Amino acid sequence: MAHPSQLGFQDAASPIMEELLHFHDHALMAVFLISTLVLYIITIMMTTKLTNTSAMDAQEIEMVWTIMPAIILIVIALPSLRILYLMDEINDPHLTVKAIGHQWYWSYEFTNYEDLMFDSYMMPTQDLSPGQFRLLEVDNRMVVPMESPIRMLISAEDVLHSWAIPSMGIKTDAIPGRLNQTTFIASRPGVFYGQCSEICGANHSFMPIVIEATPLNHFQEWSSSMLGL
């Protein structure tokens with residue numbers, strides 16, 4: 001959960017989000033070094049009155065400012081491509097959940113179970129308990145086991161939606177007639193909040209997403225209670 005006046009990303013709750021945070025710091029350092037160098041050159045040019053004809057027309061300088069940006073782009077692109085492949089890699093998921101976007105709520109189907117499905121609506125403000133977040137809490141959370149690969153199948157019933165959990169590093173469009181796929185692993189127990197990140201209508205900001213990651217034995221107890229066993 002983000003803190004008030006927070007400027008950076010939320011704390012990572014999945015290995016993919018940890019990789020994204022590392023890549024963000026890596027790219028930001030490259031931008032910082034480039035900005036510092038450019039500012040230094042501009043300052044030198046504005047404060048000195050000396051000129052050098054060999055510096056105005058030199059093959060070596062042209063080679064440097066052509067090759068250096070190419071090297072910087074490669075340094076940024078290689079880890080970016082690695083993370084893209086990691087995000088698309090799905091190996092033997094332990095649980096598959098189908099999320100369907102509606103105007104304006106989410107419904108979930110646990111495909112490993114025969115009748116485990118439910119709708120998830122935003123909690124009205126007057127029904128909130130102390131400590132719950134306004135406009136983010138739902139009546140039925142999506143409970144998943146921690147440290148287990150979870151495959152998400154995401155679609156929509158009516159208009160475009162987007163299933164996004166910032167702390168998990170997930171943002172996948174929900175498109176009517178199309179089934180998009182993503183995966184995540186909750187690396188620690190907790191409750192993680194997200195919202196629809198597509199402008200899907202008048203109540204777009206009122207269809208939150210809540211994932212509750214629990215140990216496996218607690219997940220089994222929850223699934224049994226949902227199935228009435």
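Everything numeric here is computed off the predicted structure, so don't read it as measured data. Once a new chain begins, its residue numbering starts again from 1 and follows that chain's sequence as written. Two thresholds apply to this predicted model, a pLDDT of at least 70 for residue-level local features and 80 or more for giving and counting side-chain atom pairs, whereas whole-chain, interface and lining totals are computed over all residues. Excluded from the side-chain calculation are hydrogens and water; included are all heavy atoms of the structure.

Working definition: a ring pair exists when centres of Phe, Tyr or Trp rings (six-membered ring for Trp) sit within 6.5 Å. Plane angles under 30 degrees give stacked, over 60 give edge-to-face, the rest tilted. Scanning the model with the defined rule gives 9 aromatic pairs in all. An angle of 35 degrees between the planes, with centres 6.4 Å apart, marks the rings of Phe110 and Phe219 as tilted. Taken together, the positions of Phe110 in strand S2 (residues 105-110) and Phe219 in helix H4 (residues 216-227) put the pair 109 residues apart, joining distant regions of the chain. Accessible area is worked out with a 1.4 Å probe on protein chains only. A residue is then buried under 20% of its type maximum, exposed over 50%, and partly exposed in between. Residue Phe110 is classed as buried on the basis of its relative accessible area of 1%. Classification of Phe219 as buried rests on a relative accessible area of 3%. A run of DSSP states H or I qualifies as a helix once it reaches four residues; a run of E qualifies as a strand once it reaches two. Both are numbered from the N-terminal end.

What follows concerns the side chain of Ser120. Position of Ser120 among the secondary structure elements: in strand S3 (residues 117-120). For Ser120, a relative accessible area of 2% gives the class buried. Residues adjacent in sequence count toward polar contacts only when both atoms are side-chain atoms; beyond that, a polar contact is any pair of N or O atoms within 3.5 Å, and within protein one must be able to donate a hydrogen and the other to accept it. Within the local environment of Ser120, its side chain forms a polar contact with the backbone oxygen of Asn140, the two atoms lying 2.9 Å apart. Should any heavy atoms of two residues lie within 4.5 Å, those residues are considered in contact. Setting aside chain neighbours within four positions, we find Ser120 in contact with Tyr105, Trp106, Tyr108, Val138, Asp139 and Asn140.

Each patch is built from salt-bridge-free residues with over 30% relative accessible area, joining like charges within 9 Å and nonpolar side chains (Val, Leu, Ile, Met, Phe, Trp, Tyr) within 5 Å. Under the convention used here, a 1.4 Å probe and the Shrake-Rupley method define accessible areas, while residue burial counts only the protein chains that appear. Throughout this description, the term salt bridge denotes a Lys or Arg side-chain nitrogen within 4 Å of a carboxyl oxygen of Asp or Glu. Taken together, the side chains of Met63, Val64, Ile67, Met68, Ile71 and Val75 make up a nonpolar region of the molecular surface, amounting to roughly 520 Å² of accessible area. As for its position among the elements, Met68 is in helix H3 (residues 59-88).

Moving on to the UniProt feature "transmembrane region" (unreviewed entry) in the chain. UniProt positions are given in the numbering used here, feature names are shortened, and annotations may be inferred rather than shown by experiment. Using the residue numbers shown here, the UniProt feature "transmembrane region" (unreviewed entry) corresponds to residues 27-46 and 66-85. Spanning residues 27-46, this segment combines 100% helix with 0% strand, and its end C-alpha atoms are found 29 Å apart. Spanning residues 66-85, this segment combines 100% helix with 0% strand, and its end C-alpha atoms are found 29 Å apart.

So, about the sheet that holds S3. Two modes of strand pairing occur in sheets, parallel and antiparallel, and in both the strands are linked by backbone hydrogen bonds. Overall, mixed pairing links the 5 strands, which are arranged S3-S2-S1-S5-S8 in an open sheet. Lying at the two open borders of the sheet, with one neighbouring strand each, are S3 and strand S8 (180-185). Strand-to-strand twist of the sheet, defined as the mean angle between neighbouring strand axes without regard to direction, takes the value 25 degrees. Pairing between two strands requires that DSSP report at least two bridges joining them. In terms of strand pairing, S2 meets S3 through 4 bridges, oriented antiparallel. Paired with Ser107 across the strands is Asp119, a residue of S3. Note on geometry: axes are C-alpha line fits, over the in-contact stretch for helices, and angles between N-to-C directions span 0 to 180 degrees.

Quick look at helix H1 (residues 15-47) now. Compared with an ideal rise of 1.5 Å per residue, which puts 33 residues at 48 Å, H1 spans 48 Å between its outermost C-alpha atoms and is within 8% of the ideal. Within the span of H1, buried status applies to Ile16, Met17, Ala27 and Ala30. Contacts from the buried residues of H1 go to H3. The span you would expect from a helix comes to 1.5 Å times its residue count less one.

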